[in-house]
Amino acid sequence: MFRCGIAYPRCRWIVPLLLLFAIIFDIIAIAATSGWVEDEDAKSHYANMWKQCRGRNDNWDCKSLMEFPWAQAVAALMIIGLIILIIAFIISCVALCCTLNITLLPLIGALLIIVVVLQVIALVIYPCKFNELIFEGHYYYTWAYGFGWGATILCIGCAVLFCCLPRYEDELSGLAKTKYIYSSA
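All values reported here derive from a predicted model rather than from experimental measurement.

Basis of the calculations
Residues numbered from 1 in each chain as written. Predicted model: local features only at pLDDT ≥ 70, side-chain atom pairs only at ≥ 80, totals over all residues. Heavy atoms only, no water. Patch = residues over 30% accessible without salt bridge, like charges linked within 9 Å, V, L, I, M, F, W, Y side chains within 5 Å. Areas by Shrake-Rupley, 256 points an atom, 1.4 Å probe, with all protein chains shown as cover. Salt bridge = Lys/Arg side-chain N within 4 Å of Asp/Glu carboxyl O. Helix = DSSP H or I, 4+ residues; strand = E, 2+ residues; numbered from the N terminus. Contact = heavy atoms within 4.5 Å. Core = buried A, V, L, I, M, F, W, Y, C linked by side-chain atoms within 4.5 Å. Buried < 20%, exposed > 50% of the residue type's maximum accessible area, 1.4 Å probe, protein only.

### What to know about a nonpolar patch on the surface
Taken together, the side chains of L17, L20, F21 and I24 make up a nonpolar region of the molecular surface, amounting to roughly 320 Å² of accessible area. Tracing the backbone through its elements, the reader meets F21 in helix α1 (residues 8-31).

Below you can see the structure in the form of structure tokens.
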């Protein structure tokens, strides 16, 4: 009749898929050529993780942000986080999709916690230091910056799942007895 709880065998495929989405979101945030910061009307000043541009129409004066130590730190933390996230994704595919290796799940959870710490630091440093760099007008943090936070939030959720899944080894392997809400006793 009705099964109670989560369909754990599906977690074997869904959790690595969520990590793949986090990787894609991180790549979008890191590689975006615009979209981290825009001025109020989005016509005279914008910036991404790598550079900032000022101007009007087709006359843009772009300067690299990599001359600032804080921007180098943000780029390094985001890239290191992405590399660790890719490693965690590969290990999760091996641990869940190829064979069921429960002993690797806490390791993946720990790697994802490291990714979260690195990316939260980067995503907090950027607006603090960028706001010190500019003094005029109102600025908005836009789509690419949001993708960075989206990847971080996905990593938080997956870290919790990877830390909790070892408790449900029988359910993940399909050996647990199915529980029903309704019983005809």
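Next comes the rest of the description.
### Thoughts on the pattern of salt bridges
A full pass over the atoms with the stated rule returns 1 salt bridge. Ionic pairing is found between E132 and K129, a salt bridge with its closest N-O pair at 3.5 Å. Taken together, the residues span about one helical turn, with E132 and K129 both in helix α3 (residues 105-133) at a distance of 3 residues.

### Re the side chain of T142
One can find T142 in the loop between β5 (139-141) and α4 (143-164). When neighbours within four sequence positions are excluded, T142 is seen to be in contact with G35, W36, V37 and E38.

### Overview of the nonpolar core
The biggest cluster of nonpolar side chains holds 46 residues, and the ones touching the most others in it are W36, L85, L105, L112, Y126 and F162. For this core, the secondary-structure elements that each account for two or more residues are α1, α2 (69-98), α3 and α4. Counting residues per element, this core draws most heavily on α2, at 13 residues. Apart from the residues within four sequence positions on either side, L112 is in contact with L19, L85, A88, C155, C158, A159 and F162.

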